[in-house]
Amino acid sequence: MDLGQTVSRENTEIPGINLSASFKIKNVQEASPKSLDLMKILYLLQDPLTTNLTGRHLFVLRKVLKRNKFGFHLRELADIARIIDICAEKVIERPKYASFLCEVLKISRIPFLKEKVSDDLIYAQDAINFLSCLGRLMKIPNPDIQEQVVEMVQSFFSSEAFKILPEDSQTVSPVYRLQLVERSDLPKLLVESVAALQNQPFIKLQLMETLQLLCSSSDLNCRSMLDAGAAQIVCLHMNGGDPPGRVLSSSSEILWTLLDSSGRDDAVAQLCSLDCVVSLKEAFSSVLALTSQGFDLQLRNYLLVFTSLIAENPNCPLVESLFAKQLLGYITLPELEISSAQKLTHSKEDLKMKKLLLNLLILLSRNVDAVQLFREELVMVSLLRFVNPPEKQPPSPQRAILSQQEELQLQALETLVSIAPVMLQDYMSCKGNTQLLLLLDWCCDARDRRKQQMQRCIRVLRAVTSLGEQSVNHDLSDQGAIHQLLGIIIQLEADCDEGDVVTIEMMSNIQLILSALCETDMHRKELFGSEGVEMVVHFLKKGAKNFYSGLGYNKLLISTIDCVWSCVIGCCITENEFLWKDGTGLLLDLLRSSPRCVHSIILSILLDLCNNPNTRPLVLGWRDADGLTAPGVLLQLWREEEEELGVLRDKNGGIVDPEKPLLTRFQDEICNLTFPANAPSAAVLETMENLRGKIYLLLSNLGFQDLPGLSVGDHVTLGIVRRYLDFKVCEVWNEIRKELSLDGVKPITSDEKALHSISKTLTEAAQSVMVEQSRVLEEQKQQEIQEEMRVYTEMKSHRTQQELAAKSWEKLVARTSNYNILKEEKAQRKKHLKSKLRPREAVDDRRQKHFITHILAVKKTGEPGPAGVDVSLARTVI
């Protein structure tokens, strides 16, 4: 029964069977005669009366071998394993049993036999134990037995087919057999036997090749081998007196596979011992002594990879073993003669070696002892020598060499990113800033071909300037780095595509370098000047639309904001230039559209800008696309921040609990905890972690009166913001009072009264704010009612006008269509005229003209009721 079609690193587990085959035999009604023969043999071998009958034993055992010459049956493996264990104990004193064990190992190369399909699962555990039993034979100091064990395991990976089979039997699949090996102790036992074969180079070589097959076939085998310490054991025995390099080659392949498996961390930990590092050093020296130019060079690079993985552990003994000193020599003296027949050349393998050595410097830079060794070996001089740009274009035959030099130059620059900050004094003494600035000029001449060099050069400058060492920053400034970097970033922006990740990273790093240079020096801020202000304004105008694009625009935006804060703020010249270019408006636009994570730094910049008297009118005069003002934006941010913090507020944004006007969810959860005396309390810590403190200070600079464009909700929030500092001070005192109570400290009477008074003050202040908020909301309600009345009055006036016009039209139609109605109307008019005593002229004038009254406008005078409505009328002659 096949358990799979191919050998993989992860295979389905074979169910374990607790019952051995011999126990099952005792419980069947008709036992097999062959099984009973094995029971008799076991009795013969173990019985005290027959235990010394060696000749009889060998005779019976030869029969067993003859009967199983085509392979062992799965159902008999448990009893055969017991026979093997007994013979293994006897072979030490009686070597005649060795021939039987060798023959058993030869037969074990043949796949196991099964009579039923279900035998694979039923006897799986017996088969696993049988293989473990064979592995234990490696402990017998007999070369023939050890060689047969190794050849037996190698046969598992052979494709040889066995066509002669007993009747009613079939062999198990090769995949099944390999899965049995994975779950047995065979890989562990083979690893543990390596040390015993130190004086048997041929068998040792075979064993190493066998271990190579095992670990490359399955990750489970790698895990089993590592549990036995395979990485350490193989490393310690890789330098045996074998045919040149064969054991070393197999050992390297084993280590490579183990390090590439899921147990990489365990493998590295095993290789970090001093003995293993010394063994690697010896192996590296022996490989360099070989004259081969092919595989031996690749093997040398394998050893360097192993060394690099070991160097990732900061406690590795590379320095103590003097291996690091030996390797540094190949960096500082690249043309060093390694042996009489070999030098470092321009071959691909030698190029890989140089790059691996440079990468090793990065890993060793975390070790303080290694850094001291770098100084002694003049590593910084060698790295900066790689950085020097070529003076001229070489002829065509040498361009391949130039390509290798550029690769090494890139790797050296990448190494300097890690080495220069820990060797700053050596970096400065070698004029590192000068060489990097010259390299930048060289890159700008043909930027498309040398963008990678420029990228890494800028990374190095950022690494050394970020330390804040004034000597480094002063040296860069004196060499005109600020003007040079501004020119480079402007060129990069002009040629940058939207998806150019490398260029975006370079622009971001340049801005960070400028921030580090100008942050603490007023003169450098003046050098930043209008050109720098124009640069940051240009990047601010881009906004935050690509913040989450994953291309680095988020870093570019943050570095731009940081550049404004470090290079512009604090210098009157640059501040006024920034304000004149509408920098304040751009920051407010960014505050409105950017993610929450950058709001804090934008508010800090605006707060510092408010020290400039020209800032306040610009902030108050700003409007966004929706007409929202700066105070409105700040108050909206306050409400969003409080919602995020879980502060209790009603539906209108007002205070709910006057005793907790500012309390956040976090403060409420830890209200019953005490803090050390040197640690800030929750109320103080809360001010440093959210935006409310900065919004309060910013609105304080703008003033709380006559702020434009505020809604009723804004006025409600403004009442809380205005009293923020008072609430916070009282909140801190309340925390002190609670902590005293939790610690069991009772204040004296006067202190108790003071604490009670402070708490009462907080409650009264909160209540006064609540009253003010209620008044604002009530005024708003009254205004809404008055506005509703005005609209209703206007509607009523329009309705009355429409009714009068309709009635007048009906009368006109009636008079026109009915002569009697016209006469009646005329009689009523005459009667009405006679009843009034008026001058004759007026009477004659009325007889000639008739009018209709119209409502022209309705004005509100402010008085309650109908008296508050002033209606303007007009007459039209009919």
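The structure this text deals with has already been given above.
All values derive from a computational prediction rather than experimental measurement.

Participant: Help me understand the packing of aromatic side chains in this model?
Facilitator: Given two aromatic rings, their pairing is described by the distance between the two centres and the angle made by the two planes. Enumeration over the complete set of coordinates arrives at 10 aromatic pairs. Where Trp 256 meets Phe 306, the ring centres are 6.2 Å apart and the plane angle is 55°; that geometry is what we call tilted. Of this pair, Trp 256 sits in helix 14 (residues 246–259) while Phe 306 sits in helix 17 (residues 295–311); the two residues are 50 residues apart in sequence, bridging distant segments of the chain. Three or more aromatic residues joined by ring pairs form one cluster here, namely Trp 638, Tyr 696, Phe 704 and Tyr 724. Across from the ring centre of Phe 386, 5.2 Å away, lies the NZ or CZ of Arg 385, which sits over that ring. The ring of Trp 638 has Arg 692 sitting right over it, with the charged end atom 5.9 Å from the ring centre.

Participant: What is the right way to read the packing of helix 37 (residues 682–689) against helix 40 (residues 724–742) from this model?
Facilitator: Each pair of packed helices gets described by two things: the angle between the helix axes and the distance between those axes. The N-to-C vectors of helix 37 and helix 40 enclose an angle of 140°; their axes lie 8 Å apart at closest approach. In this structure, helix 37 contributes Ala 682, Ala 683, Val 684, Glu 686 and Thr 687 to the contact, and helix 40 contributes Tyr 724, Lys 728, Glu 731, Val 732 and Glu 735.

Participant: Please explain helix 18 (residues 323–332) as it appears in this structure.
Facilitator: Count 3.6 residues to each turn of an α-helix, and residues three or four apart come out pointing the same way. Burial of helix 18 is extensive: nine of the 10 residues sit out of reach of the surface. Among the residues of helix 18, those classed as buried are Phe 323, Ala 324, Gln 326, Leu 327, Leu 328, Gly 329, Tyr 330, Ile 331 and Thr 332.

Participant: Looking at this model, I keep getting lost on the packing of helix 3 (residues 54–67) against helix 5 (residues 97–107). Mind explaining?
Facilitator: Packing of helix 3 against helix 5 brings their axes to within 10 Å, and their N-to-C directions diverge by 10°. One finds that helix 3 runs roughly parallel with respect to helix 5. Facing Thr 54, His 57, Leu 58, Leu 61 and Leu 65 of helix 3, the residues of helix 5 in contact are Tyr 97, Phe 100, Glu 103, Val 104 and Ile 107. For the contact of helix 3 with helix 5, a count of residues per class yields seven nonpolar, two polar and one charged.

Participant: How should the side chain of Arg 692 be read in this particular structure?
Facilitator: Counting through the fold element by element, Arg 692 comes out in helix 38 (residues 692–702). At a separation of 3.2 Å, a polar atom in the side chain of Arg 692 contacts the side chain of Glu 642. A polar contact of 3.1 Å, which involves the side chain of Arg 692, links it to the backbone oxygen of Leu 662. Those residues in contact with Arg 692, other than ones at most four positions away along the chain, are Trp 638, Glu 641, Glu 642, Leu 645, Val 647, Leu 662, Thr 664, Glu 686 and Tyr 724.

Thresholds applied
Numbering of residues starts from 1 in each chain and follows the order in which that chain's sequence is written. Residue-level local features of this predicted model are given only where pLDDT is at least 70; pairs of side-chain atoms are given and counted only at 80 or more, and the full residue set underlies all totals for whole chains, interfaces and linings. Excluding hydrogens and water, the side-chain figures rest on all heavy atoms present in the structure. Working definition: rings of Phe, Tyr and Trp (its six-membered ring) pair if their centres are within 6.5 Å, and the pair is stacked with planes under 30 degrees apart, edge-to-face with planes over 60 apart, and tilted otherwise. Per the convention used, a helix needs a DSSP run of H or I reaching at least four residues, while a strand needs a run of E reaching at least two, with both numbered from the N terminus. Remark: a charge is flagged as sitting over a ring if the NZ atom of Lys or the CZ atom of Arg is within 6 Å of the ring centre and within 35 degrees of the ring normal. Every axis corresponds to a line fitted to the C-alpha atoms, with the helix fit spanning only the stretch in contact, and the corresponding angles, defined between N-to-C directions, vary from 0 to 180 degrees. The contact rule is simple, with two residues in contact once any of their heavy atoms fall within 4.5 Å. Note on exposure labels: buried denotes an accessible area under 20% of the residue type's maximum, exposed denotes more than 50%, and partly exposed covers the range between, all computed with a 1.4 Å probe on protein chains only. Working rule for angles: under 35 degrees goes down as roughly parallel, over 145 as roughly antiparallel, 65 to 115 as roughly perpendicular, anything else as oblique. Residues are grouped as follows: Ala, Val, Leu, Ile, Met, Phe, Trp, Tyr, Cys and Pro are nonpolar; Asp, Glu, Lys and Arg are charged; every other residue, Gly included, is polar. Throughout this description, a polar contact denotes any pair of N or O atoms lying within 3.5 Å of each other; where both atoms belong to protein, one of them has to be capable of donating a hydrogen while the other can accept it, and for residues adjacent in sequence the pair is counted only when both atoms sit in side chains.

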